[in-house]
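# Structure assessment
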Amino acid sequence: MTRNLLDVDELDPARLTRILDRAALGRSDPHAVPQVLAGLGVAAVFEKPSARTRTSFEMAVVELGGHPVILHADEVQMGKRESVADVARTLACYCAVIAARVFDHENLVAMTAAVDVPIVNLLSDRAHPLQALADLLTLRDHLGGLEGRRVAFIGDGNNVAASLAYGAALCGLELVVASPHGYELPDAVIDHARNLGGTVEQLTDPYDAVRGADALYTDVWTSMGQEDERAARNAMFAAYTVDDALLAAANPGACFLHCLPAHRGEEVSASVIDGPASLVWPQAANRLHAARALLADLFEEA
Ligand code: CP
Ligand code: NVA
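Counting from 1, residues in each chain are numbered in the order their sequence is written. The naming scheme follows written order: chains are lettered A onward, ligands numbered 1 onward. Local features are withheld for residues below a pLDDT of 70 in this predicted model, meaning they are given only at 70 or higher, and side-chain atom pairs are given and counted only at 80 or more; totals for whole chains, interfaces and linings count all residues. To obtain the side-chain values, all non-hydrogen atoms of the structure were used and water was disregarded.

### Here we look at the sheet that holds strand S3 (residues 97-101)
On the basis of which strands lie adjacent, the open sheet formed by four strands has the order S2-S1-S3-S4 and parallel pairing. Unpaired on one side and paired on the other, strand S2 (67-72) and strand S4 (119-121) mark the two borders of the sheet. For this sheet, the mean angle separating the axes of adjacent strands, direction not counted, is 20°. A pair of strands counts as paired when DSSP detects no fewer than two bridges linking them. Helix and strand assignments follow DSSP, with helices taken as H or I runs no shorter than four residues and strands as E runs no shorter than two, numbered in order from the N terminus. As paired elements, strand S1 (residues 41-46) and S3 share five bridges and run parallel to each other. Residue pairing for S3: Ala43 is matched across the bridge by Ile98. Contacting S1, S2, S3 and S4, helix H2 (residues 52-63) runs over the sheet at an angle of about 155° to S2. The contact criterion used is simple: two residues touch if any of their non-hydrogen atoms lie within 4.5 Å. Lines fitted to C-alpha atoms define the axes, with helix axes restricted to the stretch in contact, and inter-axis angles between N-to-C directions lie between 0 and 180 degrees. The sheet strands contacting helix H5 (residues 105-114) are S3 and S4, and the helix crosses S4 at an angle near 165°.

Set out below in structure tokens:
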């Protein structure tokens, strides 16, 4: 069993369910989760900005008795000041876990090859697994279960969508993605999600995608690192705003999720994200519970 979490596909259905159950338990009683990090350091390297991931992960480490060491890109300069492998080897001298938010997913892979301590992905160009854990927890709370339910992801087939696809596949949650041509979920991700047992569809029309959906999910049209493409993306995604009309075309009572940060008036209308269907604040709060549960699981299974 892997002690890393580079993406959700490294989990199996039983382990994913155990993590979600533990996240829910820790939410109602944080003391129910053992202090598996007592006396241990946890390094978290950020090559990109973060509000939710940094804060929730740091608090999760503290609640598990550990000491978080937060490092920013300019301090570490992975691959510039020294190799990615040497950064990982250095941090592993002092810390029991290395977590990182990186531009290049391959740098996380390089870390796993260099050291034995668990490597946790705090977002890469390809994946955002801790986000997916919180998303699944939020959906499970709201829908009362995940098996056979349907979520429509509207917009860019990006890192958040890819990790959600794997998580959905492992939980029996159906996923349909609607994206403009050229911005779909990669074929390799769709194939892999299907190999994991998932039902995942890629469409173009957002109205086709939301028909029969119990939840609508969107993310920014321009992810961190793609800022030069912003104007072109705004034009391509103009018809993909999750607004009241799109929400009304989903199942009655459908909820709305967004990993945040959000841009009101772009990928989502203010009326939807600030309206009664929105679960974005419970979803953000669940980031802490998901991170705590994941860290506890990595250590209990060691
Ligand atoms: N959703 C999320 O990862 O938010 P941050 O980029 O603020 O960490
Ligand atoms: N897809 C976004 C998610 C931010 C949490 C990005 O990578 O910037």
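### Here's the deal with the packing of helix H4 (residues 84-92) against H5
Put simply, H4 and H5 touch, their axes get as near as 8 Å, and they point 55° apart. With respect to H5, the element H4 is oriented oblique. Of the two possible hands of crossing, H4 and H5 adopt the one that is right-handed. For the pair H4 and H5, the contacting residues are Val84, Ala85, Ala88 and Arg89 in the first and Asn107, Ala110, Met111 and Ala114 in the second. Grouping the amino acids of the contact of H4 with H5 by side-chain chemistry returns six nonpolar, one polar and one charged. Roughly parallel means an angle under 35 degrees; roughly antiparallel means over 145; roughly perpendicular covers 65 to 115; every other angle is labelled oblique. Helix crossings are classified by the rotation of the near helix relative to the far one: an anticlockwise turn of less than a right angle makes the crossing left-handed, while a clockwise turn makes it right-handed. In this count, Pro and Cys sit with the nonpolar residues alongside Ala, Val, Leu, Ile, Met, Phe, Trp and Tyr, while Asp, Glu, Lys and Arg are called charged and the others, Gly among them, polar.

### What to know about the site of ligand 2
If even one non-hydrogen atom of a residue comes within 4 Å of a molecule or strand, that residue is called near it. Around ligand 2, the neighbouring residues are Leu123, Asn158, Asn159, Val160, Asp219, Val220, Ser223, Met224 and Leu260. One of the side-chain nitrogen or oxygen atoms of Asp219 is found 2.6 Å away from a nitrogen atom of ligand 2. Within the backbone of Met224, an N or O atom sits 2.8 Å from an oxygen atom of ligand 2. In isolation ligand 2 exposes 270 Å². Once the protein is present, 95% of that is buried. Two N or O atoms count as a polar contact when they lie within 3.5 Å, although within protein this holds only if one can serve as hydrogen donor and the other as acceptor, and sequence-adjacent residues are included solely when both atoms are side-chain atoms. The method behind every accessible area is Shrake-Rupley, applied with a 1.4 Å probe, and residues are considered shielded solely by the protein chains displayed.

### Overview of the side chain of Asp156
By the secondary structure assignment, Asp156 is in the loop between strand S5 (150-154) and helix H7 (159-171). A simple rule labels every residue: compare its accessible area, found with a 1.4 Å probe on the protein chains alone, to the largest value its type can have, and call it buried under 20%, exposed over 50%, or partly exposed in between. Owing to a relative accessible area of 5%, Asp156 belongs among the buried residues under this scheme. A distance of 3.0 Å separates polar atoms of two side chains, one belonging to Asp156 and the other to Arg233. Ignoring sequence-local partners within four residues, the contact set of Asp156 consists of Ala161, Tyr183, Val220, Trp221, Gln226, Arg233 and Phe237.

### So, unusual backbone geometry
Cis geometry is adopted by the peptide bond preceding Pro261, which originates at Leu260 and carries an omega value of 5°. For Pro261, the position within the fold is in the loop between strand S9 (255-258) and helix H12 (270-273). Although it is not a glycine, Gln77 adopts a positive phi angle of roughly 50°. By the element assignment, Gln77 lies in the loop between helix H3 (73-76) and H4. The phi dihedral of Leu123 falls on the positive side, at around 125°, and the residue is not glycine. The residue Leu123 is located in the loop between S4 and helix H6 (129-143) in this model.

From the geometry alone we can't say anything about function, so treat these as descriptive.
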